[in-house]
Amino acid sequence: MSVIKKCLFPAAGYGTRFLPVTKSMPKEMLPLVNKPLIEYGVDEAMDAGIHGMAIITGRGKRALEDHFDISYELEHQIAGTKKEGALADIRRIIRECTFSYTRQVEMKGLGHAILTGETLIGDDPFAVLLADDYCVTEGPGVLAQMVALYEKYQCSIVAIEEVPRDETNKYGVIDGVEEAPGLYRVSQMVEKPDPEVAPSNLAIIGRYILTPDIFDILRETPPGRNDEIQITDALMTQAKMGRVLAYKFKGRRFDCGSIEGFMEASNYNFAHVYRKD
Ligand code: UTP
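Residues numbered from 1 in each chain as written. Predicted model: local features only at pLDDT ≥ 70, side-chain atom pairs only at ≥ 80, totals over all residues. Heavy atoms only, no water.

(A) Structural view of the pattern of salt bridges. Counted under the stated rule, the structure contains 18 salt bridges. The residue E179 makes a salt bridge to R185 at a minimum N-O spacing of 2.8 Å. Under the relative-accessibility criterion, E179 is labelled partly exposed at 43%. Look at R185 and you get partly exposed, because its relative accessible area is 23%. K192 is the partner of E191 in a salt bridge, and the nearest nitrogen-oxygen pair spans 2.9 Å. According to the relative accessible area criterion, E191 is buried, its value standing at 11%. (Salt bridge = Lys/Arg side-chain N within 4 Å of Asp/Glu carboxyl O. Buried < 20%, exposed > 50% of the residue type's maximum accessible area, 1.4 Å probe, protein only.)

Here it is as C-alpha cells:
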C-alpha cells in the first residue's frame, strides 16, 4: 500500500482544441485505440499503489462516471462469449478502486479545479494526474517514481521534462538547484513564460504529488495568467519555503491535449502498447 492513497484527476476543462468532438464528450474519454485517456491515468495511479480515484468533473462529463461502473445490459449480452476478455481490465479497476466525483461549477483554472477536490481528498498528501498527458515508461510508471521520491523527501513534487525553448509559453517552467541527478529543489516557477524570460526550459507536465497545505494556499491565491487560479502560483508559495522538488521523470510523454500529440500517441500506442488478444 502506498503512503499516497488518493489521486485527483482534474477533468473539468472544455477541451476546446478538440471541438467539435468535445461538445458532448469529455476530452478524457478520447481513446488511444480502444481505451480512454482517463483509464490509462487510472492504470498509472494503480501502478503507484493508489486505489482512491477522485475525479473533478463538469457539465457534460457523465460518461466518465459511467465508464467506471458496471453496465449490466452489456455484461449480460457478452457473458460467456470471448468478448468478455475485453472488459477484464476495467472489471479489475472497478473491483480494486473506489471512485469519487465532484463538479467544478465554474472553470476557473487548474488550481481552482484542485481546490474543488479538497472535499474528496481531505488532509493527506495526494497525487494529481492530468489524463491528457499520456506517459509511457519501461519500468515503473511516472507516479510510482514520484511516490518513491515522496517517501524519501515528504514534500510537494512536480514532474518535469526539457522542452524546446520556443515552447516555454505552453507550460509552467521552473528554476532550481539540482540536488541529485534529475532532481531539483525549486526556487522559481513561472506559468507560461515567453522564451526570452523563461528561467529554464524545464517544463512541468501533468503529474504532481502535493502536500495538503496546498489547499489553504490555493484559497489565498489570486487569479494569475489568463485570469485563472494557477497551481504554479500556489506551488511557488511552497517553493519559497524550500518545499517543492521537480523531478525529471524516466519515460516519454505525449501531449494528448493537442491534436498532433494525440495522433502521435495513438500511433505509438497501436504499435507498442495495444494488445490484440
Ligand atoms: P487545459 O489547459 O488542457 O484546458 O487544462 P482544457 O480545457 O482541458 O483544454 P483546451 O485548452 O480548451 O483544449 C489542463 C487540465 O486541467 C483541467 C483540464 O480538464 C485538463 O485536464 N482543468 C482545467 C480543469 O479541470 N478545470 C479548469 O478550470 C481548467
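Now, onward.
(B) Highlighting the site of the ligand. Lining the immediate environment of the ligand, one finds 17 residues, of which T16, R17, K27, Q104 and G109 sit closest. Between the ligand and R17, the relevant distance is 2.8 Å, taken from an oxygen atom to a main-chain nitrogen or oxygen of the residue. Take Q104: an N or O atom from its side chain is 2.7 Å from a nitrogen atom of the ligand. Here the ligand, which alone exposes 570 Å², has 82% of that area covered by the protein. Looking at the shell around the ligand residue by residue, the class counts come to seven nonpolar, five polar and five charged. (Near = heavy atom within 4 Å. Polar contact = N/O pair within 3.5 Å; in protein donor to acceptor, adjacent residues only side chain to side chain. Areas by Shrake-Rupley, 256 points an atom, 1.4 Å probe, with all protein chains shown as cover. Nonpolar A, V, L, I, M, F, W, Y, C, P; charged D, E, K, R; others polar.)

(C) How the structure looks around the layout of surface pockets. Roughly 1,300 Å³ of volume is contained in the largest pocket. Along the walls of the largest pocket sit 42 residues, with K35, E39, D43, D89 and R275 positioned nearest its centre. Going through the elements one at a time, helix 1 (37-47), helix 2 (62-67), helix 3 (72-78), helix 4 (88-96) and strand 7 (133-136) are the ones with two or more residues in the lining of the largest pocket. Its residues assigned to classes, the lining of the largest pocket comprises 19 nonpolar, eight polar and 15 charged. The space that makes up the second largest pocket amounts to roughly 1,100 Å³. What lines the second largest pocket is a set of 38 residues, and nearest its centre among them are R17, K27, L130, D132 and K192. Only helix 5 (110-116), strand 11 (202-210), helix 9 (231-240) and strand 13 (252-255) provide two or more residues apiece to the lining of the second largest pocket. When residues in the lining of the second largest pocket are grouped by element, the largest group, four residues, is from strand 11. Here the lining of the second largest pocket is composed, by residue class, of 15 nonpolar, eleven polar and twelve charged. (1 Å grid on protein atoms, 1.4 Å probe; cavity = no way out; pocket = protein on both sides within 12 Å on 5 of 7 lines; lining within 4 Å. Points joined across faces, edges and corners; volume = space filled by probe spheres on them. Helix = DSSP H or I, 4+ residues; strand = E, 2+ residues; numbered from the N terminus.)

(D) Main features of the nonpolar core. Counting residues in each nonpolar core, the largest one holds 51 residues, and the members touching the most others are C7, F9 and L143. With seven residues, the top contributor of residues to this core is helix 7 (residues 142-153). Residues within four places of C7 in sequence aside, it is in contact with A45, I50, G52, M53, A54, A127, V128, L129 and L143. Core analysis: the next-biggest nonpolar cluster, separate from the first, contains 34 residues, A54, I174, Y208 and I214 among them. (Core = buried A, V, L, I, M, F, W, Y, C linked by side-chain atoms within 4.5 Å. Contact = heavy atoms within 4.5 Å.)

(E) Region of the structure containing the packing of helix 1 against helix 4. At a closest axis distance of 11 Å, the pairing of helix 1 and helix 4 adopts a crossing angle of 55 degrees. Here helix 4 runs oblique to helix 1, going by the angle between their axes. The crossing of helix 1 and helix 4 is left-handed. Contacts between helix 1 and helix 4 involve E39, V42, D43 and M46 on the former and, on the latter, D89, I90, R92, I93 and E96. Residues that form the contact of helix 1 with helix 4 fall into these classes: four nonpolar, no polar and five charged. (Axes fitted to C-alpha atoms, helices over the stretch in contact; angles between N-to-C directions. Parallel < 35°, antiparallel > 145°, perpendicular 65-115°, else oblique. Left-handed = near helix turned anticlockwise from the far one by under 90°.)

(F) Expanded view of the side chain of S156. Within the secondary structure, S156 is located in strand 8 (residues 156-162). Here the side chain of S156 touches T211 through a polar contact of 3.2 Å, landing on its backbone nitrogen. A distance of 2.6 Å separates a polar atom in the side chain of S156 from a polar atom in the side chain of Q238. Those residues in contact with S156 that sit more than four places away from it in its chain are I209, L210, T211, L235, Q238, R243, V244 and L245.

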